[in-house]
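Structure at a glance
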Amino acid sequence: MSTLLYITAHPHDDRASYSMAVGKAFLDAYRENHPGDPIVTLDLYKAYIPHIDTDVFSGWGKLRSGSSFDQLSEEEKKKVTRFGELTDQFVAGDKYVFVTPMWNFSFPPVMKAYIDTICTAGKTFKYTENGPVGLLTGKKALHVYACGGIYSEGPAAGSDFGSPYLKTIMSFFGIPSFETLYVEGMAQFPERAEQIKQDAIKNAQEKARTF
Ligand SMILES: Cc1cc2nc3c(=O)[nH]c(=O)nc-3n(C[C@H](O)[C@H](O)[C@H](O)COP(=O)(O)O)c2cc1C
C-alpha cells in the first residue's frame, strides 16, 4: 500500500484547464487500479501556503538560538507550524503527482512557495561533509504539465524552467524517479488541441496503471 500525494497548482478546475483535466484522468485511473492506496489531495490555490518572510526568518532564528516555541509571536508560530505540517505531509507520501500549467516558462508562483515549505534540512534532505543528501528514497514523482508551445523536444526544450527545476528538487530529496507528462502545443497548434488533450488523457490513464 502506497500513499499518493496529488498536488495541484491551478486556479481552475478540469473543465477550464488541460493540466487539471489530464491530472483528473490520471487520478481517476489511479483510484481504479490501486483501490487500496490512500490518496491525499493538496490544492495549492486553496491551501494555506506561507511564504518565507520576516516572520518565518525570525521564528526560525529564535528556535535556532534556543527559544522555546512558546516564545515565538503568533504569526511566527502560525507560519513555522504550517511549514512543518506541509513538510510532514510530503514526507508521509510515497508517490507524488504535481499538476500545473506553464506560465512564463515555469509553473505558477504558489508552486515555488510550496517547494520552499518542503525543502527542510533533517526531513527531506540533510547536509553531510560530502554535500547534501536526499532523505526520501524509494519514492517517485510525476509532473502533469500543460504548455501552450512544445517543450519536451525541439528548439524551445531549453526554455522550460518548471519541470527541470521540479526534477532537480525531487533528486535533491533522493527521488530520482521523475517523469513529466507534457500536455503541449495546444496554443501553437489550436486545430490539434482537442486531439493533444485526448492523447494526453490516454497516456495519463496508461501511466496510472503502473505508477
Ligand atoms: C499567464 C500565462 C502565461 C503563459 N506562459 C506560457 C509560456 O511561457 N509558454 C507557453 O508555451 N505557454 C504559455 N502559456 C499558455 C499555457 O501554458 C497554456 O494555455 C496551457 O494550456 C496552460 O495550462 P492549463 O490548460 O492547464 O491552464 C501561458 C498562459 C498564461 C495564462
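The structure reproduced in this document is the subject of the present report. (Residues numbered from 1 in each chain as written. Predicted model: local features only at pLDDT ≥ 70, side-chain atom pairs only at ≥ 80, totals over all residues. Heavy atoms only, no water.)

**Quick look at the overall build of the chain**
Under the convention used in this document: In this text, helices come from DSSP runs of H or I with a minimum length of four residues, and strands from runs of E with a minimum of two, each type numbered from the N-terminal end. We compute the radius of gyration over the C-alpha atoms and compare it with the globule rule, which gives 2.2 Å times the number of residues raised to the power 0.38. Summary of the burial criterion: residues with accessible area below 20% of their type's maximum are buried, those above 50% are exposed, and those between are partly exposed, where the area comes from a 1.4 Å probe applied to protein chains only. Residue contacts are defined here by distance: any two heavy atoms, one from each residue, within 4.5 Å place the two residues in contact. We get accessible surface area from the Shrake-Rupley algorithm with a probe of 1.4 Å; when it comes to residues, only the shown protein chains can shield them. Neither His nor the chain ends contribute to the count of charged residues, in which Lys and Arg are positive and Asp and Glu negative. Note that the charge is assigned to NZ on lysines, CZ on arginines, CG on aspartates and CD on glutamates.
From N to C terminus, the chain includes six helices and seven strands. When its helices and strands are written in sequence order, the chain yields β-α-β-α-α-β-α-β-β-β-α-β-α. Computed over its C-alpha atoms, the radius of gyration of the chain comes to 18 Å, within 12% of the 17 Å expected for a compact globule of 211 residues. The dimensions of the chain, computed from C-alpha atoms along their principal axes, are 60 × 35 × 35 Å. Buried residues in the chain amount to 45% of all 211 residues. Sequence separation of at least 24 residues holds for 75% of the intrachain contacts in the chain that already meet a minimum separation of 6. In the structure as shown, the chain presents an accessible area of about 10,700 Å², 53% of it carried by carbon and sulfur atoms. Looking at charge distribution, the chain has the averaged site of its 22 positive side-chain charges lying 2 Å from that of its 25 negative ones.

**A closer look at the site of the ligand**
Definition in use: A single heavy atom is enough: if one lies within 4 Å of a molecule or strand, its residue is considered near that molecule or strand. Distance and chemistry together define a polar contact, namely a pair of N or O atoms within 3.5 Å, with one atom able to donate a hydrogen and the other to accept it when in protein, and with adjacent residues in sequence counting only for side-chain atoms on both sides.
Around the ligand sit 15 residues in total, of which H10, S17, S19, M102 and G149 are the nearest. G149 has a polar backbone atom sitting 2.7 Å from an oxygen atom of the ligand. Bound to the protein, the ligand loses 67% of the 620 Å² it would expose on its own. Residue assignment for the shell around the ligand shows that the elements contributing at least two residues are α1 (18–33) and β6 (140–147).

**Digging into the nonpolar core**
Quick note on the threshold: The nonpolar core is taken to be a set of buried Ala, Val, Leu, Ile, Met, Phe, Trp, Tyr and Cys residues, with the residues joined through side-chain atoms within 4.5 Å.
Counting 25 residues, the largest nonpolar core has L44, F90, F98, Y114 and M170 as the members making the most contacts within it. Elements with a contribution of two residues or more to this core: β1 (4–8), α3 (74–92), β3 (95–101), α4 (109–118) and α5 (163–172). Residue contributions to this core peak at six residues, all from α4. Not counting chain neighbours up to four residues away, the residues in contact with F98 comprise I7, F90, M111, Y114, A141, L142, H143, V144, L166 and M170. Ranked by size, the runner-up nonpolar core spans 24 residues in total, among them V22, F26, Y30 and V183.

**Comments concerning the environment of K79**
With respect to the helices and strands, K79 occurs in helix α3. The class for K79 is buried, based on a relative accessible area of 10%. Residues K79 and G36, 43 residues apart in the sequence, show an inter-C-alpha distance of 34 Å. Apart from residues lying up to four places away in sequence, K79 is in contact with Y48, P50, D53, D55 and V56.

**Regarding helix α2 (residues 54–64)**
Defined as follows: Directions are taken from the helix axis to each C-beta atom, and the arc is the one they span.
Looking at α2, one finds that the buried residues are D55, V56 and G59. Seen from one end, α2 has its buried residues packed into an arc of 95°, which puts them on one side. Seen from the buried face of α2, the exposed residues on the opposite side, beyond 90 degrees, are T54, F57 and R64. For α2, the elements touching its buried residues are α3. In this structure D53 caps α2, since a side-chain oxygen of it lies 3.1 Å from the backbone nitrogen of D55.

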